[in-house]
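# Residue-level structure breakdown
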2 protein chains.
Amino acid sequence: MARLSLNQETVKQWSLPELAEGCAKAGLRHVGLWRAPVQSYGPERAARLMRDAGLGVTSLCRGGFLTATDPGERARALDDNRAAVDEAATLGTDTLVLVSGGLPDGSRDLHGARERIADALAELGPYAAERGVRLAVEPLHPMFAADRCVVSTLAQALDLAERFPAGQVGVVVDTYHLWWDDTVAGQIARAGRSGRIAAFQLADWVTPLPEGVLLGRGQLGDGSVDLRWFREQIEAAGWDGPVEVEIFNPGLWARDGAEVLAEIVDRYRRLVL
Amino acid sequence: MARLSLNQETVKQWSLPELAEGCAKAGLRHVGLWRAPVQSYGPERAARLMRDAGLGVTSLCRGGFLTATDPGERARALDDNRAAVDEAATLGTDTLVLVSGGLPDGSRDLHGARERIADALAELGPYAAERGVRLAVEPLHPMFAADRCVVSTLAQALDLAERFPAGQVGVVVDTYHLWWDDTVAGQIARAGRSGRIAAFQLADWVTPLPEGVLLGRGQLGDGSVDLRWFREQIEAAGWDGPVEVEIFNPGLWARDGAEVLAEIVDRYRRLVL
C-alpha cells in the first residue's frame, strides 16, 4: 500500500481538493497529476494541497507532442514542454510523462517523426535535469501510432532514451500499452539495467474497444493483463518505486470516487501484490 | 496490374457472380475469397465460376482460432480447419490464411495460447501440404491480441512458422497490421530468406478507429501507411506473387462495387506501383 499511487485521471470526477481528501482518507501516500487541472488550480496551490494531505506526486502527465515539422508549431511545443517541466518541479515530482506525438497531417514518415522526438529530447533533457525532473518517454499501444505516439514499444522507447543521460530521459512501463508484446520481459530487464524506469502504471485491457479507443481502459482485473506478472518483472529489474493506477474509463468516472478508489485498493491487494 | 488481387471482403456488397464479372471486366486476374460466401455458393461451383472468369484464387480467408483450452472446442476447431484446407484445395488456391485466435475467456496466458497454436500447426500442416495448401499465419495488429489473435508481430509469426517445414506454414504480410513496427523491414527480409511469405495484403490505417475497431481499415492512400515502401521491402525479399487488397470498411460497402474497384485500381497504380 505504501507504493500505490492514484493517477487523478482515474477519478476525473474529483476536483483536486476532493482528490487530496479522498486519497488521504483511503490511506494513500501518492498521486499522479495532470497538467490541465493543476494549471486551473494553480501549480503552487496544488503542490501545497497535496503536501498538506501527506501525498507525494509521483508523476505529472503530460508533456510531449514533439513530432511537428512546422517550425512555429515545433517551437510552441518545446515552450510548452519547458512549462510542463516547471510545473512538475513546482509540484515536487521528478517525473514528467511524455506522450511523444503521432504523425503530422499527411505524413507517413514514422522514422522522421521518431528522430524529431530525439532532437526535442536533446533540447529538453538538460533543462529538465537542471530542475530535478526527468523526461519519461511513454510507449503507447501501437493503435495510437498515427495520432498520438509513434513510440509503440518499450524497445523503441529505450532506443530513444538511451541516447541521453539516464538522469535526463527515462521510460514509462504501462501495462495497458505493453501487455501484448512477447519481448517486454527482456525490455523491462534492459530498462532496469540502464536505470531508465521512471514510472510504472497499471490498467487492464478490455474489449470491445470504444470508438476512438482512448477511453477503453479497464479496471484492474477486468481484462486480459497479468498484472502480478508485470509487477514481478519490474521488481526483478530493480524497481521499488510507486505503482500508479491510471485508468481512463467513463464507467469509473460515473461512479462515486471513493467507491472507485476502494475498488482499486481491493483489486491492487488481490491481483497485483 | 497482373499481380493485383481483390479480396472479396473489400466489396462485400457483391455476390460471388458479381465479383467474378466485376473483376474480369476491370481486367483483374486474381481474387481472394472468404469461406462463408464460398460455402453458401458451394466450393466447386465457386471454383468453376472464378476459373470461367479467368480469375485465380490467391488466398482463402480464414482458418485459425486455435487457442481453445477446452478439448471439445479444440477438436471442433481442428476439424473446421481441415474443412477450410479442403475448401482451399477445391478453389485451387495454395494459401489458407489463419487468424490464430485470442485468449480464451478469463485467460491471461499469452504464452500458453501461442503454444497451442504451434501444437495445432503441427497437426494441420501435413494435412494441408498433402492437399497443396500452405497455412499462412497472419500477425494481427496488437489491438486484436485479446479477442482475435495473440500473434501480433511478424517476428512472432515467423517464430511460429519456422518451427515447421516452409511448405507447410508461411506468414501473411498485411500492411494494416504491421505498419507501425520499426522492426518490420528486417522481419520481411527474414521471411523472404526462409521462404515464408505466403501472402501480401494491403490496407491503409485511418483514425479515429470505430467501436470494436474491426471495420476501421482505410482505402489505399487515405491513411498513414507508406504502401510503396512496403511493396519495395517485400520485393527486395524476393516476393513476386499477388498483391491483395483487403479493406473492411462500411463506407466502401455502401458504394457501387465497380466504382470502389476502379478507385482501388487507380490508387494501386499511383501509390503502390
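Rules of the game
- Residues numbered from 1 in each chain as written.
- Chains lettered and ligands numbered in written order.
- Predicted model: local features only at pLDDT ≥ 70, side-chain atom pairs only at ≥ 80, totals over all residues.
- Heavy atoms only, no water.
- Helix = DSSP H or I, 4+ residues; strand = E, 2+ residues; numbered from the N terminus.
- Rg over C-alpha atoms; globule rule 2.2 N^0.38 Å.
- Buried < 20%, exposed > 50% of the residue type's maximum accessible area, 1.4 Å probe, protein only.
- Contact = heavy atoms within 4.5 Å.
- Pairing = 2+ DSSP bridges.
- Right-handed = clockwise from strand over helix to strand, strands pointing away.
- Buried area = accessible area lost by both parts, 1.4 Å probe.
- Salt bridge = Lys/Arg side-chain N within 4 Å of Asp/Glu carboxyl O.
- Polar contact = N/O pair within 3.5 Å; in protein donor to acceptor, adjacent residues only side chain to side chain.
- Least-squares fit on C-alpha atoms with pLDDT ≥ 70 in both.
- UniProt positions renumbered as here; feature names shortened; annotations may be inferred.
- Arc of directions from axis to C-beta.
- Axes fitted to C-alpha atoms, helices over the stretch in contact; angles between N-to-C directions.
- Phe/Tyr/Trp six-rings, centres within 6.5 Å; stacked < 30°, edge-to-face > 60°.
- Lys NZ or Arg CZ within 6 Å of the ring centre and 35° of its normal.

Chain A goes by Sugar phosphate isomerase/epimerase in an unreviewed UniProt entry, where it is assigned to Streptomyces lycii.

Along chain A, the regular secondary structure elements total eleven helices and ten strands. By the compact-globule yardstick of 19 Å for 273 residues, chain A fits well, its C-alpha radius of gyration being 17 Å. Split into buried and exposed, the 273 residues of chain A put 59% on the buried side. Excluding contacts between residues fewer than 6 apart, the proportion of contacts in chain A whose partners are at least 24 apart in sequence is 80%.

Take the pairing of strand β6 (residues 169–174) of chain B next. All names here are of chain B. Burial runs high along β6: six of the six residues are buried. In the sheet, strand β5 (residues 134–137) pairs with β6 via three bridges, with the strands oriented parallel. Across the sheet, residue Val137 finds its bridge partner in β6, namely Val171. The β-α-β motif built from β5, the intervening helix α6 (residues 154–161) and the parallel element β6 has right-handed crossover chirality. In the sheet, β6 pairs with strand β7 (residues 197–202) via four bridges, with the strands oriented parallel.

Counting residues at the interface gives 29 residues for chain A, matched by 29 residues for chain B. Between chain A and chain B the total buried area reaches about 2,400 Å² when both faces are included, carbon and sulfur atoms providing 61% of it. By the criterion of area lost to chain B, the three top residues of chain A are Arg108(A), Trp179(A) and Trp180(A), representing 25% of everything that side buries. At the junction of chain A and chain B, the tally comes to zero salt bridges. Taken together, chain A and chain B are joined by twelve residue pairs in polar contact (both at pLDDT 80 or more).

This part covers the relation of the copies chain A and chain B. Laying chain A over chain B is done by rotating through 180 degrees and shifting 0.0 Å along the axis; what remains is an RMSD of 0.0 Å. As the rotation angle and translation indicate, the two copies are arranged about a two-fold axis. Measuring from the rotation axis to each C-alpha of chain A, the shortest distance belongs to Glu211(A), at 2.0 Å.

Once that is clear, we can look at the UniProt feature "domain: Xylose isomerase-like TIM barrel" (unreviewed entry) in chain A. The residues that UniProt annotates with the feature "domain: Xylose isomerase-like TIM barrel" (unreviewed entry) are residues 23–263 of chain A. Across residues 23–263 of chain A, the secondary structure splits into 44% helix and 17% strand, with the terminal C-alpha atoms separated by 13 Å.

Before going further, it helps to spend a moment on helix α8 (residues 184–193) of chain A. Think of an α-helix as turning once every 3.6 residues; residues three or four places apart then point the same way. Residue and element names in this part refer to chain A. For α8, the full list of buried residues reads Val184, Gln187, Ile188, Arg190 and Ala191. End-on, the buried residues of α8 take up no more than an arc of 160 degrees, which puts them together on one face. On the buried face of α8, the contacting elements are α6 (154–161), β6 (169–174), α7 (175–178), β7 (197–202) and α9 (227–236). Just downstream of α8, Gly195 is the residue with a positive phi angle, here 65 degrees.

Residue and element names in this part refer to chain A. Sheet architecture is closed into a barrel: eight strands sit in the order β1-β2-β3-β4-β5-β6-β7-β10, paired in parallel fashion. The mean angle between the axes of side-by-side strands here comes to 30 degrees, regardless of whether they run parallel or antiparallel. In terms of strand pairing, strand β1 (residues 4–7) meets strand β2 (residues 30–34) through three bridges, oriented parallel. What sits directly across from Leu6, in β2, is Val31. Most of the contacts of α6 go to β6, to which it runs at about 170 degrees, and overall it touches β5 (134–137) and β6.

Quick look at the packing of aromatic side chains now. This model, assessed by the stated rule, comprises nine aromatic pairs over all chains. Ring plane angle 40 degrees and centroid distance 5.8 Å describe the contact between Trp179(A) and Trp205(A), whose orientation is recorded as tilted. Here Trp179(A) is found in the loop between α7 and α8, whereas its partner Trp205(A) is found in strand β8 (residues 204–205), with 26 residues between them in sequence. Taking 5.2 Å as the distance between ring centres and 85 degrees as the angle between the ring planes, the aromatic pair formed by Trp229(B) and Phe230(B) counts as edge-to-face. Residue classification places Trp229(B) among the partly exposed residues on the basis of a relative accessible area of 30%. Aromatic ring contacts, followed pair by pair, group Tyr176(A), Trp179(A) and Trp205(A) into a single cluster. When the ring centre of Trp253(B) is taken as reference, the NZ or CZ atom of Lys12(B) above it lies at 4.5 Å. In this arrangement the basic side chain of Arg45(B) is found over the ring face of Tyr41(B), its NZ or CZ atom lying 3.9 Å from the centre.

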